[in-house]
Amino acid sequence: MRLLLVEDHVPLADQLLADLKRHGYAVDWLADGRDAEYQGASEPYDLVVLDLGLPGKPGLDVLRAWRARGLATPVLILTARDSWAERIDGLKAGADDYLTKPFHPEELLLRIQALLRRAHGLANQPLLATGGLELDEARQECRRDGQSIALTAGEFRLLRYFMLHPGQLLSKSQLAEHLYDGETERDSNVIEVLVNRLRGKLGREIIETRRGQGYRFGTRP
Amino acid sequence: MNSLQRRLGLGLIAALLVVGLILLQASLWLFEAGLRRSMETDLREETEGLLVALVPGANGLQLDSQRLGPRYQRAFSGHYFRIDSDSHEWRSRSLWDSDLDWPTQDGLHPELVDGPQDQRLLVYRAAYRRGGQPLHISVAHDYTPILDSFQQVRLGGLTLLGVALLAFGLLQRLAVRTALRPLESARAQIAELQQGRRAQLDTHVPQELQPLVTQINHLLTQTDETLKRSRHAIGNLGHALKTPLAVLTGLLDSEALAAQPALRQQLEEQLGQIRQRVSRELSRARLAGEGQAGGGFDCAQELPALFATLAAIHRRDLKLDWQAPPDCHLPWEREDMLELLGNLLDNACKWAHSQVRLGIATLPDGYRLRVDDDGPGIPVDRRDTVCQRGARLDEGLEGHGLGLGIVADIISAWRGEWQLQASPLGGLRVEIRLSAVSPGR
């Protein structure tokens, strides 16, 4: 999952970056509203965490510009402006959720998880569950038939992406785009290695290879 | 009541009444004086006629009854005379057996004399000499018909005056109403202003009202801008305080602190207190309070957005609905009302199992707002403590106490009342009664 964090307060941004990366998200960070408006619309993010009081361009204007262009990426507004009138303005501008500062980091992670699931039509599940698998995102482990299966950080990130897109054909470059932030070198071999490791742990049939097209996360009965 | 219309009306009617009465009475006096002068002439001629009727006879002067008109013969005809000489006295037959209090002065008697059969008589006495002896001839004439007709004229005059007063009163009312129509429309607009259906007064008014309307509009704009400016400043302050607080809250989870649980707990407590205090005071500072409603709160426009926001924040399958009278405008500042309803509904959503309902109803003197949920509710003996300022009911559910604290602030700023009750849905019902500021007529 690749996120865009738009926050101009550097200490908070540092903290959030560390938190989010620790939870298996690839995060790009921007502090200026104009940069965010451009990059948010041109890169394939899965979710945006947006502050409202930004230099360059106010967060709400950035959000409106995205929505006017038809960008459907889920946006979570993270702001100190906590009056109900401002919350309503945020939702009207096209935000999907609204979290007010100060917040507990745990709360932000739960909101991001829920928002991602909702964006993929998997709302109202305590755990991400597809294809006979359950993914515990807090502990970064996978369960099948009540048995825990330990995952490395890389495996967890890939499996989460697969589980949020069950039955969809995903190319290697598409996977690389969503699993790594803009600064990491993208090596498609790494994806192949990770896919093979997941098959080793979860069974071969869980991920189907379509030659020349990519992978498909199976819907095992 | 202090009404311009009434004052003007009373003044006009009093003036008309005094002038009308003086005019009526004065014209009657003048007319009567003229009439008496002409009657005096008639009566003098009458005495001359009687003098002619006195003819010398065998025993001195004799009254020739042939020369007297029939009116002196008929009893109580209203025409009487009396002739006094040194030796004799003649009286008209018409006097019959009654007598008058004949005056002793020559000329027209200034007062009327009582005659027979309730007649009031105008009496004239003249002195003559005939055949060497002095004669006093008095003639009396019934004045009652003239008095009667004067009475009639007076009555007619009063009636006319009354009708004129009525007509003037109505005309004046019409004129005042036409002249004051701009005032009336300004009054109606101020009422709309108070009900929150209008943000500014119409500036197309007569010259006399222009300064008033301009000044009111200026004040409205100024109040509005002050509110916006201070809210903006509070927003900035909140941003400046809360972002570092968020960083500090995040630091609580750092590994360095995990090794120091006592320190961590203390930090967490203190941070929690700062957060509570900052949120509460900033929320209070944002309130517009009782001052003015600005645009007011348009239920049909604001509630769908509020409920969409609630639905987005509480994404469980909650059934949220609201009921309000059609075209419902609550005459309170929009953001304050959103804050009140937002906090109450948010709180209800946190506790509800499946359903939250908002009901708005108009009362004769204001509005009743009800927020119902089907959550666990609050035991009767603890309901009062919740309504007190800032009381926190459940430390575990963040924001509960704070949300109701700001609710209490808003309600007290609006001089409203609120109560916690058992809801028919099974949970808690918060009922708020707000009396609308009535625009005095």
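To keep things clear, this report deals only with the structure shown in the data block. (Residues numbered from 1 in each chain as written. Chains lettered and ligands numbered in written order. Predicted model: local features only at pLDDT ≥ 70, side-chain atom pairs only at ≥ 80, totals over all residues. Heavy atoms only, no water.)

### Digging into the side chain of Thr144 of chain B
Residues and elements named next belong to chain B.
- For Thr144, the position within the fold is in helix H2 (residues 144-194).
- A distance of 3.2 Å separates a polar atom in the side chain of Thr144 from the backbone nitrogen of Arg120.
- Within the structure, the side chain of Thr144 is placed 2.5 Å from the side chain of Asp142, a separation counted as a polar contact.
- Not counting residues up to four positions away in its chain, the partners in contact with Thr144 are Asp118, Gln119 and Arg120. (Helix = DSSP H or I, 4+ residues; strand = E, 2+ residues; numbered from the N terminus. Polar contact = N/O pair within 3.5 Å; in protein donor to acceptor, adjacent residues only side chain to side chain. Contact = heavy atoms within 4.5 Å.)

### Concerning unusual backbone geometry
- Put simply, Lys101 of chain A and Pro102 of chain A share a cis peptide bond, and its omega is -10 degrees.
- Of note, Pro102 of chain A is situated in the loop between strand E5 (97-100) and helix H5 (105-119).
- A positive phi angle, near 55 degrees, is found at Trp96 of chain B, a position not held by glycine.
- Counting through the fold element by element, Trp96 of chain B comes out in the loop between strand E4 (89-91) and strand E5 (107-108).

### Things to note about the sheet that holds strand E3 (residues 47-50) of chain A
All names here are of chain A.
- The strand order across the open sheet formed by five strands is E2-E1-E3-E4-E5, and the pairing between neighbours is parallel. Taken across any chain shown, the strands that pair with only one partner, and hence form the sheet edges, are strand E2 (26-30) and E5. Across the sheet, the mean angle from the axis of one strand to that of its neighbour is 20 degrees, orientation sign disregarded.
- The strands touched by helix H3 (residues 59-68) are strand E1 (2-6), E3 and strand E4 (75-79); relative to E4, the strand with the most contacts, the crossing angle is about 175 degrees. (Pairing = 2+ DSSP bridges. Axes fitted to C-alpha atoms, helices over the stretch in contact; angles between N-to-C directions.)

### Observations regarding the sheet that holds strand E8 (residues 141-144) of chain A
All names here are of chain A.
- A sheet is described by the order of its strands in space; here four strands give the open sequence E6-E7-E8-E9, paired in antiparallel fashion. Only two strands of the sheet have a single partner each, and these edge strands are strand E6 (128-130) and strand E9 (147-150). Averaged over all pairs of adjacent strands, the angle between strand axes in this sheet comes to 25 degrees, irrespective of strand direction.
- Bridge count for E6 against strand E7 (residues 133-136) is three bridges, and the pairing is antiparallel. Within E7, the residue paired with Thr130 across the bridge is Leu133.
- Across the sheet, helix H6 (residues 153-164) lies against E6, E7, E8 and E9, angled at about 125 degrees from E7, the strand it touches most.

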